[in-house]
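For reference, the chains in residue letters:
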Amino acid sequence: ILMTMNCIVPSFSVVVIGAGVAGSICARNLALTGCAVHVVDKSRGVGGRLATRRLQWLDTAGLPHTAHMDHGAPAFSVSDEAFAQFLVTTTPPGALARWNPTLALGSRALEHTAPLWLPQPDMPSLCRHWLRNIPVTLSFAVDRLVRHPAGWQLQAAGATLPGHFDAV
């Protein structure tokens, strides 16, 4: 309901649990309605299944090196026209690259023929874009919701997220 109208009270606060694609889009749309939105996620970064890992090591000379490796969803396709339009209107130019994988000899064919897309410069960049200007708390694995007269509070491993929220 909140996504199809403006928030009833300008200070209506909502906490979204999860900073993957669904949580990022939900938070963005709620913020556009005028809600005060806060996002929490259990991971060290946003993106959910659109993830990039950093590998760091020292070579034999003791020099540090870093490599980035995308994992999780290798790419995504768009079959829903509404989502396609959402991507067109919310994704900056160059933020998505079309991917045409070359399959190894003897590989099973792809199950669909829809174009595959890769976020640029890394997998979680789309979620970072949708969450810009929205407060995000990371490394907070919510394990308890507590309802107080002032609103909802979130807890993780005995810690309480500061503030109260009107909706979760």
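Here the structure is a predicted model, which means the values were calculated and not measured.

Undergrad: Looking at this model, I keep getting lost on the side chain of histidine 129. Mind explaining?
TA: Here histidine 129 shows up in helix α3 (residues 125-130). At 2.7 Å, the side chain of histidine 129 forms a polar contact with the backbone oxygen of threonine 90. Dropping the residues within four chain positions of it, histidine 129 is found in contact with Thr90 and Pro92.

Undergrad: Would you mind going over the packing of helix α1 (residues 21-32) against helix α2 (residues 81-90) with me for this structure?
TA: Packing of α1 against α2 brings their axes to within 14 Å, and their N-to-C directions diverge by 65 degrees. Compared by their axis directions, α1 and α2 come out roughly perpendicular. Between α1 and α2 lies a crossing whose hand is left-handed. Touching Ile25, Arg28 and Asn29 of α1 are Phe83, Phe86 and Thr90, all from α2. Residues that form the contact of α1 with α2 fall into these classes: 3 nonpolar, 2 polar and 1 charged.

Undergrad: Explanation requested: the sheet that holds strand β5 (residues 76-77) in the structure shown.
TA: Within a sheet, neighbouring strands are paired by backbone hydrogen bonds and run either parallel or antiparallel to one another. If you walk across this open sheet you meet the 3 strands as β5-β7-β6, and the pairing is antiparallel. Sheet topology places β5 and β6 (96-99) at the edges, where each strand pairs with a single neighbour. Where β6 and strand β7 (residues 116-119) come together, 4 bridges link them in antiparallel fashion. Paired with leucine 96 across the two strands is proline 119, which belongs to β7.

Undergrad: What am I meant to see in the pairing of strand β1 (residues 13-17) here?
TA: Within a regular beta strand, the side chains point alternately toward one face of the sheet and then the other, so they alternate between its two faces. Burial runs high along β1: 4 of the 5 residues are buried. In this region the chain leaves β1, passes through α1 and returns to the parallel neighbour strand β2 (residues 36-40); the handedness of that crossover is right-handed.

Undergrad: What's the story with the layout of surface pockets in this structure? I'm lost.
TA: It is the rolling of a water-molecule-sized probe over the atoms that shows where space remains empty. As a volume, the largest pocket reaches approximately 360 Å³. What lines the largest pocket is a set of 15 residues, and nearest its centre among them are Arg44, Gly45, Val46, Thr52 and Arg53. Those elements that place two or more of their residues in the lining of the largest pocket are β3 (50-58) and β4 (64-72). Per-element tally for the lining of the largest pocket: the top contributor is β3, with 4 residues. A breakdown of the residues in the lining of the largest pocket according to their chemical character gives 3 nonpolar, 7 polar and 5 charged.

About the cut-offs
Residues numbered from 1 in each chain as written. Predicted model: local features only at pLDDT ≥ 70, side-chain atom pairs only at ≥ 80, totals over all residues. Heavy atoms only, no water. Helix = DSSP H or I, 4+ residues; strand = E, 2+ residues; numbered from the N terminus. Polar contact = N/O pair within 3.5 Å; in protein donor to acceptor, adjacent residues only side chain to side chain. Contact = heavy atoms within 4.5 Å. Axes fitted to C-alpha atoms, helices over the stretch in contact; angles between N-to-C directions. Parallel < 35°, antiparallel > 145°, perpendicular 65-115°, else oblique. Left-handed = near helix turned anticlockwise from the far one by under 90°. Nonpolar A, V, L, I, M, F, W, Y, C, P; charged D, E, K, R; others polar. Pairing = 2+ DSSP bridges. Buried < 20%, exposed > 50% of the residue type's maximum accessible area, 1.4 Å probe, protein only. Right-handed = clockwise from strand over helix to strand, strands pointing away. 1 Å grid on protein atoms, 1.4 Å probe; cavity = no way out; pocket = protein on both sides within 12 Å on 5 of 7 lines; lining within 4 Å. Points joined across faces, edges and corners; volume = space filled by probe spheres on them.

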